[in-house]
Amino acid sequence: MSWAAGTQCVAKGDSRRAKAGELAYRKGDILTIVNSALRKGCYTAINNSTGEEGLISSTSVREREALRVDPSLSLMPWFHGKISGPEAVCLLQPAEDGLFLVRESIRHPGDYVLCVSVSGEVIHYRVIYQDNKLTIDNNQYFYNLIDMIEFYSKNKSSIATTLTKPKQKQGAKSAELELSKAGWLMDTEKLTLGENIGEGEFGTVYEGRYMGQRVAVKIIKCDVTAQAFLQETAVMTKLQHKNLVRLLGVILNKGLHIVTELMTKGSLVNFLRTRGRSVVSFTQLLRFALDVCEGMEYLESKKLVHRDLAARNVLVSDECVAKVSDFGLTKVDWKEPDKAKLPKCSTKSDVWSYGVLLWEIFSYGRQPYSKMEVKEKVEAGYRMEAPEDCPPRLYLLMRLCWEREPRRRPGFSKLREKLQSGLLSV
Ligand code: ADP
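Residues numbered from 1 in each chain as written. Predicted model: local features only at pLDDT ≥ 70, side-chain atom pairs only at ≥ 80, totals over all residues. Heavy atoms only, no water.

> A description of the sheet that holds strand E16 (residues 213-220) should follow, citing residues and the corresponding values.
One open sheet holds the five strands; their spatial order is E14-E15-E16-E18-E17, and the pairing between them is antiparallel. Only two strands of the sheet have a single partner each, and these edge strands are strand E14 (191-199) and strand E17 (247-252). Averaged over all pairs of adjacent strands, the angle between strand axes in this sheet comes to 30°, irrespective of strand direction. Pairing analysis gives seven bridges linking strand E15 (residues 204-210) to E16, with the strands arranged antiparallel. Across the sheet, Val205 pairs through a bridge with Lys218, a residue of E16. The sheet strands contacting helix H4 (residues 223-236) are E16, E17 and strand E18 (256-261), and the helix crosses E18 at an angle near 30°. (Pairing = 2+ DSSP bridges. Helix = DSSP H or I, 4+ residues; strand = E, 2+ residues; numbered from the N terminus. Axes fitted to C-alpha atoms, helices over the stretch in contact; angles between N-to-C directions. Contact = heavy atoms within 4.5 Å.)

Encoded structure:
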């Protein structure tokens, strides 16, 4: 096992710095790897709790844990929705300076109210929504509630006291706390943002550096969207495979920052379109197909269904390795016995999409027909034709993925075997 700079680990026990240069830590502390040292299994690391740097042995730490995908995980555990002023006052008992919550205004729909306990009383600050921004005093403006709470937790400004303690909504779990405990929260101070490298539907993607490592950072400003992305992030904490874009961690600062490994060559569809036949060899196409297949085989083994597999959601690394990304719609395979009540989705629908992806790869990024367009035709037995110059055995593979009966479609391990034998014979 080797760890890249920026990997976060959890200390298995206490270490009281036996020798000079060794790092001191307590059980449960999160340690960030800075680099690997000269000896095998030895790393330089920073203790996130103390900020100190020193040597550690890889056997005394474990990799951080996956986060449970839990709908009660909240970026705004202090948000109580529509409750009245008196209800808020009740919730903020016993009085404690700086204890706070945010509620939706009943009298002024669309506005919020920040309720803070100070000197035994509760003060209600109306938060006005104006020109897409929030303000209490027409002086400080915020894009969302998370930013506002962050600001007033550090600055008193025009309110009576800084916010020190959130009154959590019953049943809500603080995402910040859970992410931090599990070792996925990264330090905003160690991140340097660079160029804008992509626009997603819900956020902007930047290139950046985190402790010397090149990273990609997706920033989601809107708090409601950020909350939805939290589930995607939780899924990603479970996944570790060379053909899946790897989550490095999360930063909560002016919205949600999702930090992943940097895929310098962008999306597979653009890669193929901009280079074309003269540059990308047939063997390279087969490699991409195999890369994606291996990533999907791993997902399949975890009983997860991607549900949005397509060449636009596959990214290409500096070394030309293709990796699956965008786990926003990923769900548990409904065929699992105890999960039978979930909406129908199975690996075999990913296999169908994989067939389309193969078609996209071997046509150098041409636009396939959309599922909607051909729904009726597909039902009548229509299938896309082979891409230009596509070897028949590969087209045959696509057709297998497009079998009408899901159970007749091959699984990803079968597909991998077939692709591997294809690659060997090139
Ligand atoms: P969408 O919202 O359309 O699913 P994303 O927000 O995930 O898309 O990404 C938008 C674009 O940003 C991608 O098409 C890609 O070009 C770029 N991008 C996303 N993640 C990375 C990454 N890890 N490395 C490099 N580029 C990325």
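> Which residues make up helix H3 (residues 175-182), and what values do they have?
One turn of the α-helix equals 3.6 residues, which is why residues spaced by three or four share an orientation. Every buried residue of H3 is listed here: Ala175, Leu179 and Ala182. When H3 is viewed along its axis, its buried side chains cluster within an angular range of 70° and face the same direction. Facing away from the buried side of H3, by more than 90 degrees, are the exposed residues Leu177 and Lys181. Buried residues in H3 make contact with strand E1 (8-11), strand E2 (30-36), strand E6 (73-74), strand E13 (173-174), H4 and E17. In the stretch just after H3, Gly183 is the one whose phi turns positive, near 95°. (Buried < 20%, exposed > 50% of the residue type's maximum accessible area, 1.4 Å probe, protein only. Arc of directions from axis to C-beta.)

> Got a sec to walk through the pattern of salt bridges? Specific residues and values, please.
If you walk through the whole model with that rule in mind, you get 18 salt bridges. Residue Lys19 pairs with Glu22 through a salt bridge whose shortest N-O separation is 3.9 Å. On the basis of relative accessible area, Lys19 is assigned to the exposed category, the value being 56%. A salt bridge links Arg62 to Glu65; the nearest nitrogen and oxygen atoms lie 3.1 Å apart. On the basis of relative accessible area, Glu65 is assigned to the partly exposed category, the value being 42%. (Salt bridge = Lys/Arg side-chain N within 4 Å of Asp/Glu carboxyl O.)

> Describe the pairing of strand E9 (residues 121-130), naming the residues involved and giving the relevant values.
Bridge count for strand E8 (residues 112-118) against E9 is seven bridges, and the pairing is antiparallel. Paired with Val113 across the two strands is Arg126, which belongs to E9. In this antiparallel pair of consecutive strands, E8 and E9, the connection spans two residues, and Ser119 shows a positive phi of 50°. Inspection of the sheet shows E9 paired to strand E10 (residues 133-135) by three bridges, in the antiparallel sense. Paired with Gln130 across the strands is Lys133, a residue of E10.

> Tell me what's going on with the sheet that holds E1, and back it up with residues and numbers.
With respect to topology, five strands assemble into an open sheet ordered E4-E3-E2-E1-E5, the strand pairing being antiparallel. The open sheet has two edge strands, strand E4 (53-57) and strand E5 (61-63), and neither has a second partner. Across the sheet, the mean angle from the axis of one strand to that of its neighbour is 50°, orientation sign disregarded. Both E1 and E5 contribute to a ladder of three bridges, which runs antiparallel. Note on E5: the bridge partner recorded for Cys9 is Glu63.

> Requested: an account of the nonpolar core, with residues and values cited.
One broad rule of soluble globular proteins: the nonpolar side chains tend to lie buried together. One finds Leu114, Tyr354 and Phe362 to be the most contacted residues of the largest nonpolar core, which totals 86 residues. Among the elements that take part in this core, helix H6 (residues 282-301) stands out by supplying ten residues, more than any other. The contacts of Tyr354, once residues within four sequence positions are left out, are Ala289, Leu290, Val292, Cys293, Leu309, Cys401, Phe412, Leu415 and Leu419. (Core = buried A, V, L, I, M, F, W, Y, C linked by side-chain atoms within 4.5 Å.)

> Outline the site of the ligand, listing residues and values.
Surveying the vicinity of the ligand reveals 14 residues, the closest of which are Glu201, Lys218, Glu261, Met263 and Asp326. Take Glu261: an N or O atom from its main chain is 3.0 Å from a nitrogen atom of the ligand. In this structure, Asp326 approaches the ligand through a side-chain N or O atom, which is 2.7 Å from an oxygen atom. Considering the ligand on its own, with 550 Å² of exposed area, one finds that the protein chains cover 78% of that surface. With three residues, E14 is the largest single contributor of residues to the shell around the ligand. When the residues that make up the shell around the ligand are grouped by side-chain class, the tally is six nonpolar, three polar and five charged. (Near = heavy atom within 4 Å. Polar contact = N/O pair within 3.5 Å; in protein donor to acceptor, adjacent residues only side chain to side chain. Areas by Shrake-Rupley, 256 points an atom, 1.4 Å probe, with all protein chains shown as cover. Nonpolar A, V, L, I, M, F, W, Y, C, P; charged D, E, K, R; others polar.)

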